[in-house]
Amino acid sequence: MKNKNKLKKRKQFNWTFKNGKSVHSKNIILVFNESRGKDYKIGFSVTKKVGKAVVRNKIKRRFREIITHMQHNIVNHHTIIFVAKPSIVDLSFWDIQAEVEALLKKSNLFKEI
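What comes next concerns the included structure. Values in this document were obtained by computation on a predicted structure and should not be read as measured data. (Residues numbered from 1 in each chain as written. Predicted model: local features only at pLDDT ≥ 70, side-chain atom pairs only at ≥ 80, totals over all residues. Heavy atoms only, no water.)

As for the overall build of the chain
And then number 1: Within the chain, the secondary structure is distributed over three helices and four strands.
And then number 2: For the chain, the α and β elements follow one another from N to C terminus as α-β-β-β-α-β-α.
And then number 3: Relative to the globule expectation of 13 Å for 113 residues, the C-alpha radius of gyration of the chain, 13 Å, shows essentially globular dimensions.
And then number 4: The C-alpha extent of the chain, read off along each of the three principal axes, is 35 × 30 × 25 Å.
And then number 5: A separation of at least 24 residues holds for 79% of the contacts in the chain among residues at least 6 apart in sequence.
And then number 6: Carbon and sulfur atoms make up 51% of the accessible area of the chain, which amounts to about 7,000 Å² in all.
And then number 7: Looking at charge distribution, the chain has the averaged site of its 26 positive side-chain charges lying 12 Å from that of its 8 negative ones. (Helix = DSSP H or I, 4+ residues; strand = E, 2+ residues; numbered from the N terminus. Rg over C-alpha atoms; globule rule 2.2 N^0.38 Å. Contact = heavy atoms within 4.5 Å. Areas by Shrake-Rupley, 256 points an atom, 1.4 Å probe, with all protein chains shown as cover. Lys, Arg positive; Asp, Glu negative; His and termini not counted. Charge placed at Lys NZ, Arg CZ, Asp CG, Glu CD.)

As C-alpha cells, then:
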C-alpha cells in the first residue's frame, strides 16, 4: 500500500467516523465517506478488544496486504476505514479477503477491471 493512500491523522479518522456511512459484515465494519482528494485514503482500526498487540498487528498486516492486491479496483475520492470486530481473530487470510471484497462491493467502492 502506498504511503499517499494511508489515513494517518486522528482528525481524519474522527471526521470519517462522524460524517461517514457504514456497512457491516460479521467480522468487519467498513466506514467510508467522499473526500476532496483525487486518491483514496484507507485506515485500519483494530481495538484492544480484538487481542494483544501481536494479534492486532497481525490483523493490520493482513488488511494492508489485501488492500495492496485490490488497490487498482478501489474507487478514488473516498476515505475508507476498516474496523475489525473481535471475531476476526478466528478467520484465515482468505476469509478476511473475501469479506473485505464483499464490503467494498456492497458500498460501491469496488470497480471491476
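So, the environment of E112
And then number 1: Structurally, E112 can be placed in the segment after α3 (93-106).
And then number 2: Under the relative-accessibility criterion, E112 is labelled exposed at 59%. (Buried < 20%, exposed > 50% of the residue type's maximum accessible area, 1.4 Å probe, protein only.)

Some thoughts on the environment of I28
And then number 1: Within the fold, I28 resides in strand β2 (residues 28-34).
And then number 2: Under the relative-accessibility criterion, I28 is labelled buried at 0%.
And then number 3: Along the primary structure I28 and I88 are separated by 60 residues, whereas in three dimensions their C-alpha atoms are 7.4 Å apart.
And then number 4: Each residue touching I28, except ones within four places of it in the same chain, is listed here: V23, F63, F82, V83, K85, I88, I96, E99, V100 and L103.

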